[in-house]
Amino acid sequence: MTTRPAAPRKPRARSQARIDAILDAARTLLAAEGVASLSIYSVAERAQIPPSSVYHFFASVPALLEALTADVHAAFRAALQAPIDHDSLHHWRDLSRLVELRMLDIYSNDAAARQLILAQHGLTEVTQADRQHDLELGDLMLQVFNRHFEVPVLPEDVDVFALALELSDRVYARSVHQHGQITPRMAEEGMRVFDAYVGLYLPVFLPKR
């Protein structure tokens, strides 16, 4: 008896394609007009699908924005996990500057990321999702630092790297609020804030692996 090959899972593929179209439309609107102007209906119109289809996957605008926030943080994680030339690092600050510059590059090229994480939108759900993702990024950054330097034992009751990321983001957020972008001057200030806080827990001279 000949067994038929399994049929491709077309409904799932179609669903993912529709989700991608919704997120792309939301990202475009977010970048152009900000969070305040985003609605299920404007996203549906931009994606050229019925509003009911958007509601099927995202019950509310905050749910849609949380999904976009997850996408942004996925880009941050990829930036942290990208190869790093170990021999080029002479000080732990070289590493912190490298990873912060990678994140600044994402902010620079992604207006939606700036709107979601740095703009003053006041959406609690998005802020909470961002903080949870920061905890994950902080853990990943600690792993990166441990890979290249002999990091001392850090306190368990404080997420040092996650808090450093939040602090530098506040500087970047102020720049976006005042100038609509992260200016080179405020980018430097944000990196200084990151290093200053991390430097409270890392010695000036940290041995390399």
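The structure presented is a predicted model; accordingly, all values stated were derived computationally and were not measured.

Calculation notes
- Residues numbered from 1 in each chain as written.
- Predicted model: local features only at pLDDT ≥ 70, side-chain atom pairs only at ≥ 80, totals over all residues.
- Heavy atoms only, no water.
- Axes fitted to C-alpha atoms, helices over the stretch in contact; angles between N-to-C directions.
- Helix = DSSP H or I, 4+ residues; strand = E, 2+ residues; numbered from the N terminus.
- Parallel < 35°, antiparallel > 145°, perpendicular 65-115°, else oblique.
- Left-handed = near helix turned anticlockwise from the far one by under 90°.
- Contact = heavy atoms within 4.5 Å.
- Nonpolar A, V, L, I, M, F, W, Y, C, P; charged D, E, K, R; others polar.
- Salt bridge = Lys/Arg side-chain N within 4 Å of Asp/Glu carboxyl O.
- Buried < 20%, exposed > 50% of the residue type's maximum accessible area, 1.4 Å probe, protein only.
- UniProt positions renumbered as here; feature names shortened; annotations may be inferred.
- Polar contact = N/O pair within 3.5 Å; in protein donor to acceptor, adjacent residues only side chain to side chain.
- Expected span 1.5 Å × (residues − 1).
- Phe/Tyr/Trp six-rings, centres within 6.5 Å; stacked < 30°, edge-to-face > 60°.

Engineer: Whenever I open this one, the packing of helix H8 (residues 160–179) against helix H9 (residues 184–198) confuses me. Can you help?
Structural biologist: Geometry of a packed helix pair, given as the angle between the helix axes and the separation of the axes. It is at 8 Å that the axes of H8 and H9 come closest, and there the two elements cross at 160°. By the angle between their axes, H8 is roughly antiparallel relative to H9. Considering how the two elements wind past one another, H8 and H9 form a crossing that is right-handed. Contacts from Val-160, Phe-161, Leu-163, Ala-164, Leu-165, Leu-167, Ser-168, Val-171, Tyr-172 and Ser-175 in H8 reach Met-186, Ala-187, Glu-189, Gly-190, Met-191, Val-193, Phe-194, Tyr-197 and Val-198 in H9. Among the residues making up the contact of H8 with H9, the classes are represented as 15 nonpolar, three polar and one charged.

Engineer: Please explain the pattern of salt bridges as it appears in this structure.
Structural biologist: Working definition: two side chains of opposite charge can pair if their charged atoms are close together. Within this structure, the stated rule accounts for six salt bridges. Taking the shortest distance from any N to any O, the salt bridge between Glu-136 and Arg-77 comes out at 3.9 Å. Placement of Glu-136 in helix H7 (residues 124–148) and of Arg-77 in helix H4 (residues 61–81) is noted, with a sequence separation of 59 residues between them. Overall, the relative accessible area of 35% leaves Glu-136 in the partly exposed class. Classification of Arg-77 as partly exposed rests on a relative accessible area of 27%. Between Arg-93 and Asp-195 there is a salt bridge, and its shortest N-O distance comes to 3.8 Å. Taken together, the positions of Arg-93 in helix H5 (residues 92–109) and Asp-195 in helix H9 put the pair 102 residues apart, joining distant regions of the chain. Since its relative accessible area comes to 37%, Arg-93 is described here as partly exposed. For Asp-195, a relative accessible area of 13% gives the class buried. Through salt bridges with shared partners, a single ionic network connects Arg-185, Glu-189 and Arg-192.

Engineer: Mind showing me how you'd approach the packing of H4 against H5 here?
Structural biologist: Orientation of H4 relative to H5, taken along the N-to-C sense of each, is 145°, at an axis distance of 9 Å. As H4 runs across H5, the sense of the crossing is right-handed. In this structure, H4 contributes Ala-75, Phe-76, Ala-79 and Leu-80 to the contact, and H5 contributes Val-99, Arg-102, Met-103, Ile-106 and Tyr-107. Class assignment for the residues of the contact of H4 with H5 results in eight nonpolar, no polar and one charged.

Engineer: For this particular structure, what's the right way to read the UniProt feature "DNA-binding region" (unreviewed entry) in the chain?
Structural biologist: This chain's UniProt record puts "DNA-binding region" (unreviewed entry) on residues 39–58. As a span, residues 39–58 carries 75% helix and 0% strand, and end to end its C-alpha atoms are 11 Å apart.

Engineer: Just to check I follow, could you spell out the side chain of Ser-53 for this structure?
Structural biologist: Secondary-structure assignment places Ser-53 in helix H3 (residues 51–57). Looking at Ser-53, its side chain comes within polar contact range of the side chain of Arg-18, at 3.1 Å. Those residues in contact with Ser-53 that sit more than four places away from it in its chain are Arg-18 and Ile-22.

Engineer: So what exactly am I meant to see when it comes to H4 here?
Structural biologist: For the α-helix, the turn length of 3.6 residues means that residues three or four positions removed from each other point alike. Here H4 spans 30 Å end to end across 21 residues, near enough to the 30 Å set by a 1.5 Å rise per residue. By the burial criterion, the buried members of H4 are Val-61, Pro-62, Leu-64, Leu-65, Ala-67, Leu-68, Thr-69, Val-72, His-73, Phe-76, Ala-79 and Leu-80.

Engineer: What exactly am I supposed to notice about the packing of aromatic side chains here?
Structural biologist: Here a ring pair, both rings aromatic, is described through the centre-centre distance and the interplanar angle of the planes. All chains considered together, the criterion is met by five aromatic pairs. Note on Tyr-41 and Tyr-55: the rings are 6.3 Å apart at their centroids and 75° apart in plane angle, and the pair reads as edge-to-face. Of this pair, Tyr-41 sits in helix H2 (residues 40–47) while Tyr-55 sits in helix H3, placing them 14 residues apart in sequence. Residue Tyr-41 is classed as exposed on the basis of its relative accessible area, which comes to 53%. Their ring planes at 50° and their centres at 4.8 Å tell us that Phe-145 and Phe-161 sit as a pair that is tilted. Here Phe-161 lies in helix H8 and Phe-145 lies in helix H7, a separation of 16 residues in the sequence. Side by side, Phe-145 and Phe-161 carry an identical accessibility label, which is buried.

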